[in-house]
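Fold and contact review
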Amino acid sequence: MINKDRAIKMFCELVQIDSVSLNEKGVASFLKSYFTNLGYEVYEDQVSVQKVPQANSGNIVVKIPGTGAYVNHDPIILEAHMDTVEPGNGVKPSVTEDGKYVVSDGTTILGADDKAGIAQIIEVEAVLREHDFSHPPLELLFTISEEIGILGAFNIDTNLVTGKTAYVLDGGGGPGTAIIGGPDFYDITGRIIGRASHAGAAPDKGISSIQVMSDAISKMRLLKVDEDTTTNIGRVICDYPTNVVPEVTTFEMEVRSLVPEKAQAQVKHVVDTLQASADSFGAKLEIEVGQSLHAYHLDDSLAIIQNYKAMCERHNLTYNGMVVRGGTDVSGLTFNGINAICLAAGGEFAHELKERLIIDEFVANTQQVLWLVTEIDA
Ligand SMILES: [Zn+2]
């Protein structure tokens, strides 16, 4: 039923449209004209345009009316993100000789993350049209800037996107696999301000900011803090001539946890440790803590999980509900009051030059989406 050749052709067309984060316009225009030509209502989400002005497009929303028995059913959202990581421009896709994979030429990523998800949605719509299946109203949501902080999904126009159930097609693995939980994520940035002094003539008059930072780092719980919680320092900058006691050191770090209380406790530990070191040396600490993701863990009793599990049972798929510490658009949708799970798209080795599309899994995952939108209340 899924037209494999057509879906792969569409996938290859999509990956050849450049769309690294903030430059989604090419893919957005493609989708706009593709779905407008099919006669659907297509919108550019103006909330995302306003809230993410650095991007050259907003989220794209396509409204597909329900048909047959499900014409008045609640809408279902099918979602994928339009942006890719770098190096993602000038992708040259090809199918491997054994016919199993689509790969890039090795100089760029492929962009299966997440154009496999977009291609799945396009194929599902095509099959629905061909076979005249009954289905609920569908809201197709194509987001911007997922890779740089889930900006599009956090900033959707909830008056435009009205569905309360969403399948985000952006995971790894085959059918049956669903991401049902994600982390709290805190960004911590700041600077330690010591006192400059001549390193030879009057070092005792100075306070070395990098020494304060080192002291704090040596006392901090880092990396895998516990089963749920991680902490990493990504950047420490202190750049002075050697004859100057360095006045300022800046830093950037992150804390993630699947358990909000643990995340808060770890953030407090980081801040307290930095403050104690600053105090003991007589330095000053300036620090900012921002929360860019909110933890979620969907309860098994929710309809979206129940429906997904029932679909797995009907089609002999092994259900595998996973909780992961990485972010997906699910975090943004959940934040906006939408029940969402992340399903496998069909790629592997995301963000690497060896990224590839596993053709069989991609087709099977597309079939799974088709079941989810046609077997309602089965
Ligand atoms: Zn992705």
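Everything numeric here is computed off the predicted structure, so don't read it as measured data.

1. Remarks on the UniProt feature "domain: Peptidase M20 dimerisation" (unreviewed entry) in the protein chain
The feature "domain: Peptidase M20 dimerisation" (unreviewed entry), as annotated in UniProt, sits at residues 192–276 in this numbering. As annotated, residues 192–276 comprises 32% helix and 34% strand, and the C-alpha atoms at either end are separated by 12 Å.

2. Some details on the sheet that holds strand β9 (residues 184–193)
On the basis of which strands lie adjacent, the open sheet formed by 5 strands has the order β11-β12-β14-β9-β15 and antiparallel pairing. The sheet terminates laterally at β11 (223–226) and β15 (284–293), the two strands that pair on one side only. Within the sheet, the average angular offset between the axes of one strand and its neighbour, ignoring direction, is 20 degrees. In this fold helix α6 (residues 209–218) packs onto β9, β12 (229–237) and β14 (248–257), with an angle of close to 20 degrees to the strand it touches most, β14. Together, β9, β11, β12, β14 and β15 form the strand contacts of helix α7 (residues 260–281), whose direction differs from that of β15 by roughly 165 degrees.

3. A closer look at the nonpolar core
Ranked by internal contacts, the top residues of the largest apolar core, which has 83 residues, are F11, F142 and I341. Looking at which element gives the most residues to this core, the answer is helix α4 (residues 112–131), with 9 residues. In this view, I341 contacts A166, Y167, V168, A178, I179, I180, L298, I304, I305, Y308 and V330; residues no more than four positions away in its chain are not counted. Grouped together as the second largest cluster of nonpolar side chains are 18 residues, Y186, M213, A216 and A283 included.

4. Some remarks on the sheet that holds strand β20 (residues 356–358)
Judged by pairing direction, the sheet is antiparallel, and its 4 strands sit side by side in the order β4-β5-β20-β19 without closing on themselves. If you trace the sheet from one side to the other, it starts and ends with β4 (94–95) and β19 (347–348), each paired once. For β4 and strand β5 (residues 101–103), the ladder comprises 2 bridges, and the chain directions are antiparallel. Bridge pairing in β5 links V95 to V102. Strand contacts of helix α1 (residues 4–15): β4, β5 and β20, with the helix running at about 15 degrees to β5, the strand carrying the most contacts.

5. Quick look at the coordination of the zinc ion
H81 (NE2), D113 (OD), D170 (OD) and D170 (OD) make up the full set of protein donors to the zinc ion, lying at 1.9 to 2.5 Å. For the zinc ion, the donor residues sit on a single chain with the sequence spacing H-x31-D-x56-D. One end of the pair, D113, is in helix α4; the other, D170, is in strand β7 (residues 165–171), and 57 residues separate them in sequence.

6. Regarding the side chain of T84
By the secondary structure assignment, T84 is in the loop between β3 (76–81) and β4. Judged by relative accessible area, T84 falls into the buried class, the value being 2%. Here T84 is in contact with S19, V20, S21, I109, G111, D113, K115 and E147, once residues within four sequence places are set aside.

What counts as what
- Residues numbered from 1 in each chain as written.
- Predicted model: local features only at pLDDT ≥ 70, side-chain atom pairs only at ≥ 80, totals over all residues.
- Heavy atoms only, no water.
- UniProt positions renumbered as here; feature names shortened; annotations may be inferred.
- Helix = DSSP H or I, 4+ residues; strand = E, 2+ residues; numbered from the N terminus.
- Pairing = 2+ DSSP bridges.
- Axes fitted to C-alpha atoms, helices over the stretch in contact; angles between N-to-C directions.
- Contact = heavy atoms within 4.5 Å.
- Core = buried A, V, L, I, M, F, W, Y, C linked by side-chain atoms within 4.5 Å.
- Buried < 20%, exposed > 50% of the residue type's maximum accessible area, 1.4 Å probe, protein only.
- Donors = N, O, S within 2.8 Å, 3.2 Å for Na, K, Ca; no water.

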